[in-house]
Amino acid sequence: MSLGRNENYLTLTIIVYEMECQPTQEIVVNGETRSVPAGHTLLSLLEDLRLEPSRVAVELDHRIVKRAEWGGVELAAGAKLEIVQFVGGG
């Protein structure tokens, strides 16, 4: 079929927006399953939980993690964490 001079046709423009979807993974924190972004660090998790880093101790997969390492420890899918928060009182 050819288009002659007097024939009308429709132009269709499709716009595609790229959505930024970040993959997530499941971890277990103090016995509860949570979804976190892939590549999330231990320090990022503590910030998400609004925990003061100077007042907690963290065990990751049955190993105590030193505070100095928290920013570089990426949480893998299935990681099991126990976070203990210190409270003062008398």
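Nothing here was measured: the structure is a model prediction, and the numbers come from that model.

Parameters at a glance
By convention here, each chain's residues receive numbers from 1 onward along its written sequence. Restriction of local features to residues with pLDDT of at least 70 applies here, the model being predicted, together with a cutoff of 80 or more for giving and counting side-chain atom pairs; totals for whole chains, interfaces and linings are based on all residues. In computing side-chain properties, one takes all heavy atoms of the structure into account and sets aside hydrogens as well as water. In this text, buried Ala, Val, Leu, Ile, Met, Phe, Trp, Tyr and Cys residues form a nonpolar core when linked through side-chain atoms within 4.5 Å. Burial classification: accessible surface area is computed with a 1.4 Å probe over protein chains only, and a residue below 20% of its type maximum counts as buried, one above 50% as exposed, and the rest as partly exposed. Working definition: helices are DSSP H or I runs of at least four residues, strands are E runs of at least two. Numbering for both runs from the N terminus. By definition in these notes, contact holds between two residues if any of their heavy atoms fall within 4.5 Å. Here, a strand pair is defined by DSSP locating no fewer than two bridges between the strands. Note on definitions: angles span 0 to 180 degrees between N-to-C directions of axes, and those axes are lines fitted to C-alpha atoms, for helices only across the stretch in contact. Salt bridge criterion: a side-chain nitrogen from Lys or Arg within 4 Å of a carboxyl oxygen from Asp or Glu.

(A) Representation of the nonpolar core. The biggest cluster of nonpolar side chains holds 17 residues, and the ones touching the most others in it are I27, L42, L45, V58, L81 and I83. Elements supplying a minimum of two residues to this core: β1 (24-29), α1 (42-48), β3 (56-60) and β5 (80-85). Apart from the residues lying within four places of it in its own chain, the contact partners of L45 are I27, V29, R34, V36, H40, L75, L81 and I83.

(B) Highlighting the sheet that holds strand β2 (residues 32-37). Here we have five strands laid out as an open sheet, ordered β2-β1-β5-β3-β4, and mixed in their pairing. Each edge of the open sheet carries a strand with a single partner, namely β2 and β4 (63-65). Averaged over neighbouring strand pairs, the angle between their axes works out to 35° when direction is ignored. Pairing of β3 with β4, which is carried by three bridges, proceeds in the antiparallel orientation. Paired with V58 across the strands is V65, a residue of β4.

(C) Summary view of the pattern of salt bridges. Under the definition given, this model contains one salt bridge. Between E69 and R63 there is a salt bridge whose closest N-O contact spans 3.8 Å. R63 gets classed as partly exposed once you look at its relative accessible area, which sits at 45%.

(D) Summary view of unusual backbone geometry. A positive phi angle, near 55°, is found at R50, a position not held by glycine. Relative to the helices and strands, R50 is located in the loop between α1 and β3. The phi angle at H62 is positive, at roughly 70°, despite the residue not being glycine. Residue position: H62 is located in the loop between β3 and β4.

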